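Reading the structure
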Amino acid sequence: MTDPDILMPAPMADAVIAALDARFVLHRLWEQADPAACLASVGPRIRGMAVSTLAGRVDAASFDALPALEIVANFGVGYDNIDAAAAAARGIVVTNTPGVLDEEVADLTIGLLLATLRRIPQADRYVRDGHWPDGSFPLSPTLRGRRIGLLGLGAIGKAVARRLEGFGVAIAYHGRTRQAGVAYDYHDSPVALAAACDVLIAIVPGGAATRHLVDAAVLAALGAEGVFINVARGSVVDQAALVAALRDGTIGGAGLDVFEDEPHVPEELRAMSQVVLLPHIGSASRDTRAAMGQLVVDNLTSWFDGHGAVSPVSVPAGPR
Ligand code: NDP
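Per chain, residues are indexed from 1 in the order of the written sequence. With pLDDT at 70 or above as the cut-off, local features in this predicted model cover only qualifying residues; side-chain atom pairs require 80 or more to be listed or tallied, and sums for whole chains, interfaces and linings still use all residues.

Let us look at the overall build of the protein. Secondary structure follows DSSP: runs of H or I at least 4 residues long count as helices, runs of E at least 2 residues long count as strands, and numbering of each begins at the N terminus. In terms of regular secondary structure, the protein is built from 12 helices and 12 strands. C-alpha atoms of the protein, sized along the principal axes, occupy 70 × 50 × 35 Å. Exposure in this text rests on C-beta crowding, where 20 or more other C-beta atoms within 10 Å of a residue's own make it buried, 12 or fewer make it exposed, and counts in between make it partly exposed. The C-beta atoms are placed from the backbone. Split into buried and exposed, the 320 residues of the protein put 40% on the buried side. By sequence separation, contacts in the protein at least 24 residues apart represent 61% of the contacts at least 6 residues apart. By the criterion used throughout, residues are in contact when their C-beta atoms, derived from the backbone, lie within 7 Å.

This is the structure in structure tokens:
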């Protein structure tokens, strides 16, 4: 039997490309002079896809062009770049990379939280720019005594909460459902959570169901000393409302790893001194990215060896 044809629309790590090349017939779409012609020619043979957010949206139109597609292996735990419901409707399996990145993203979240509250990047710039001899760096807000609200208490949210316990701060959360066996205070809406907290950390999936979950009302509830940390997806917050809240002093500061239109970050946000901005690096260590890449390879290999997908996503029955 011939090796299955796999489509990779956008570049992935060299190790992933090499592993897939060794086992499959890999089509690197981004290297084609005429990608549309390539798709028209090989599309009917493609049985698997390896994608990351760089590949753009994978939806019903993609599936129309790939009638033999069986599996889409996503590099990342968030798969809002894929229309998973449309895939399920056609019997196409979608896989993601859970488990291997939770601790890494949680580490980064704590780093971003401390960097934002204690203004660590700003202090670094202060030294580099030669301002220290002119006087002490301005005093910062503190983590001490803060109440932290987790918007999303899933695998990563729980890893963040475990770390926060070590800091001796109060922890609360919101999700659509109260979780049995979880001792943290539960709030039944994002606004209620924000009102009860000083720091709001968003770590929910992206997509239509969570679009603008953090809006002007949530930011107002967080308050003037409040800090918003987003390690979820840019779509989770109304970015225009966030910029306005920071500009007007409705909230005190923000630490952002994700944005509405990545890699573009509004100039106004970049000019603000009370925000810390990261280029979507939650899981971006060499080790963790390698583990994520291996899971992409393992999913495709296991599927085409007839053992099923290693980490398929569960697709809800209706819109969520
Ligand atoms: P999980 O699926 O384990 O947890 C998601 C949590 O979000 C659950 O607690 C869920 O609770 C809650 N949730 C889902 N939908 C809603 C909703 N509509 N309203 C309120 N709460 C909701 O996911 P992970 O913890 O593994 O990952 C979360 C997200 O983090 C990923 O989907 C991804 O977008 C993002 N991420 C970002 C990274 C970065 O680099 N910055 C890296 C990795 C992930 P309930 O079901 O009760 O609502």
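This paragraph deals with helix α5 (residues 102–118). With 17 residues, α5 should reach 24 Å at 1.5 Å per residue; the first-to-last C-alpha distance of 24 Å fits that figure. Where α5 is concerned, the buried positions are Glu104, Val105, Ala106, Leu108, Thr109, Leu112, Leu113, Thr116 and Leu117. Buried residues belonging to α5 abut α7 (155–166), β9 (199–202), β10 (227–230), β11 (253–256), β12 (275–277) and α12 (286–304). Looking one or two places after α5, you find Arg119, whose phi comes out positive at around 55°. Every helix has an expected span of 1.5 Å times one less than the residues it contains.

pLDDT measures how confident the predictor is about each residue, on a scale from 0 to 100. The share of residues in the protein with pLDDT of 70 or more is 98%, and the mean pLDDT across the chain is 96. The complex model carries a pTM of 0.96, and its ipTM stands at 0.99.

Moving on: the site of the ligand. The ligand sits among 29 residues. The nearest are Gly78, Gly154, Gly175, Arg176 and Gly282. The greatest single-element share of the shell around the ligand, amounting to 3 residues, is contributed by α7. Note on residue classes: Ala, Val, Leu, Ile, Met, Phe, Trp, Tyr, Cys and Pro are nonpolar, Asp, Glu, Lys and Arg are charged, and everything else, Gly too, is polar. Among the residues forming the shell around the ligand, the class breakdown is 15 nonpolar, 11 polar and 3 charged. Should the C-beta atom of a residue, placed from the backbone, lie within 6 Å of a molecule or strand, that residue is near it.

Here, UniProt's "domain: D-isomer specific 2-hydroxyacid dehydrogenase catalytic" (unreviewed entry) annotation points to residues 52–313. Note that residues 52–313 is 37% helix and 13% strand, and that its end C-alpha atoms are spaced 15 Å apart. UniProt positions are given in the numbering used here, feature names are shortened, and annotations may be inferred rather than shown by experiment.

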